[in-house]
Structures are given as C-alpha cells and as structure tokens.
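Per-entry structural report
Read off the chains here:
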Amino acid sequence: RLFDILFENNVATTRLAVRPIVDIKRYGKYPIEFRCYVFGPDQVAISNYYPQRGLPNSYRSWAVKAGELALRLYSFVGTNYTADFCLTEDKELVFLEGGPPWGAGSPPCCFAPDAVEPGRIVLAPEKGALEEG
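What you are looking at is a predicted structure, and each value in this text was computed from that prediction instead of being measured.

Observations regarding the overall build of the chain
- Counting its regular elements, the chain contains three helices and seven strands.
- In the chain, the succession of helices and strands from N to C terminus is α-β-β-β-β-α-α-β-β-β.
- Across the 133 residues that make up the chain, the buried fraction comes to 38%.
- Pairs at least 24 apart in sequence give 56% of the contacts found in the chain among residues at least 6 apart.
- Total accessible area on the chain is roughly 7800 Å²; 52% of this is exposed by carbon and sulfur atoms.

Here you go:
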C-alpha cells in the first residue's frame, strides 16, 4: 500500500513508524478504527473507518481521543495528513498508520465527500457517503 500511495501521489519523501501487533476490539465483524483527517496543528475531522458498519454514539469519546492523538503528530509531520487509530481489547487507542491528506488519495470513510471538514465527527455513514449502510 505504501508504494501505491507514493507512486499515485508522486511523493519524494515520507516517514515510517512501526507498531507492535495487538488484539483489536471489534464491533460486529469489523475492528474499531478511526480515521483522523488533520488539516493543521489544531484542525481535525474524525470518522469511523468502516462505512459498512456504523458505531453507536458510545464510541464518540474514543473518536475524540483519536483526534487529540492525531493532532499531537502534527509537529512531526508539518503538513496535512491522515492518521488511523484502532481500539485494542485492553481499551487503548493505538496508532495504526498515517497516510495522505484528504484530497490526495485518502477515502472519506463515513463522511460524504463534500463534508470532510475540521471539527466534524461521524460514527456512521452519513447521507452521501460513498458506501451508506
């Protein structure tokens, strides 16, 4: 996937981080994962990663925490990006991967494509999302 992103976006340099393998908590058959779209040092939009399965509102606080963690990475990255976090069985948010920013190869997840905006959090596919319900 990394090589695909680099090739598609003509990126000359990038950074990598490696994490340990952990048991990820699931809701239904999908892992609990949040995609954070970072637009600046204090601007983030957050989505449940899987539009095939919405999350109940009880996961909103985890989404907020994922957004806070994503913003902490800005000083290392210095430009817009996405950051994905998963919730472990031990109820810890773990950085999964980072990727291109919104508009440069990152899918909208549960957002409608024209509604990925800082400050928004969506836990289920909204009207206009690429794969509703």
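Overview of unusual backbone geometry
- Phi angles above zero are rare outside glycine, and lysine 91 is one such case at about 60 degrees.
- Summarising the element assignment, lysine 91 is placed in the loop between β5 (81–87) and β6 (93–99).
- Its identity is not glycine, yet cysteine 109 carries a phi of approximately 55 degrees, on the positive side.
- Inspection of the secondary structure puts cysteine 109 in the loop between β6 and β7 (121–122).

With respect to the nonpolar core
- Counting 20 residues, the largest nonpolar core has Phe34, Cys36, Ile46, Tyr59, Phe85 and Leu93 as its most contacted members.
- For this core, the secondary structure elements donating two or more residues are β3 (33–40), β4 (43–48), α2 (60–72) and β5.
- Residue contacts for phenylalanine 85: discarding those within four places in its chain leaves Ile32, Glu33, Phe34, Cys36, Ala66, Leu69, Ala70, Leu73, Leu93, Val94, Phe95 and Leu96.
- By size, the runner-up hydrophobic cluster in this structure holds seven residues, among which are Cys109, Cys110, Phe111 and Val116.

Notes on the side chain of glutamate 33
- Mapped onto the elements, glutamate 33 comes out in strand β3.
- Notably, glutamate 33 is buried but unbridged: the nearest opposite-charge side chain belongs to arginine 35, and the N-O separation is 5.6 Å.
- Of the polar contacts made by the side chain of glutamate 33, one reaches the side chain of tyrosine 50; its length is 3.4 Å.
- Discounting residues that sit within four places of it in the chain, glutamate 33 has contacts with Ser47, Asn48, Tyr49, Tyr50, Asp84, Phe85, Cys86 and Leu96.

Describing the packing of aromatic side chains
- Taken as a whole and assessed by the stated rule, the structure comprises seven aromatic pairs.
- Centroid distance tyrosine 37 to phenylalanine 111: 5.8 Å. Interplanar angle 75 degrees. Geometry classified as edge-to-face. In this pair, tyrosine 37 sits in strand β3 while phenylalanine 111 sits in the loop between β6 and β7, placing the two residues 74 residues apart along the sequence.
- What links up through ring pairs into an aromatic cluster is the set Tyr30, Tyr49 and Tyr50.
- Between the NZ or CZ atom of lysine 65 and the centre of the ring of tryptophan 62, over which it lies, the distance is 4.7 Å.

Concerning the sheet that holds β3
- Taking strand neighbours across the sheet as the criterion, the five strands line up as β6-β5-β3-β4-β7 in an open arrangement whose pairing is mixed. Two strands lie at the open edges of the sheet, namely β6 and β7, each paired on one side alone.
- Of the pairings in the sheet, the one linking β5 to β6 comprises six bridges and is antiparallel in character. Opposite alanine 83, over in β6, you have glycine 98 as the bridge partner.
- Seen against the sheet, α2 touches β3, β4, β5, β6 and β7 and runs at an angle of roughly 45 degrees to β3.

Conventions and cut-offs
- Residues numbered from 1 in each chain as written.
- Predicted model: local features only at pLDDT ≥ 70, side-chain atom pairs only at ≥ 80, totals over all residues.
- Heavy atoms only, no water.
- Helix = DSSP H or I, 4+ residues; strand = E, 2+ residues; numbered from the N terminus.
- Buried < 20%, exposed > 50% of the residue type's maximum accessible area, 1.4 Å probe, protein only.
- Contact = heavy atoms within 4.5 Å.
- Areas by Shrake-Rupley, 256 points an atom, 1.4 Å probe, with all protein chains shown as cover.
- Core = buried A, V, L, I, M, F, W, Y, C linked by side-chain atoms within 4.5 Å.
- Lys, Arg positive; Asp, Glu negative; His and termini not counted.
- Salt bridge = Lys/Arg side-chain N within 4 Å of Asp/Glu carboxyl O.
- Polar contact = N/O pair within 3.5 Å; in protein donor to acceptor, adjacent residues only side chain to side chain.
- Phe/Tyr/Trp six-rings, centres within 6.5 Å; stacked < 30°, edge-to-face > 60°.
- Lys NZ or Arg CZ within 6 Å of the ring centre and 35° of its normal.
- Pairing = 2+ DSSP bridges.
- Axes fitted to C-alpha atoms, helices over the stretch in contact; angles between N-to-C directions.

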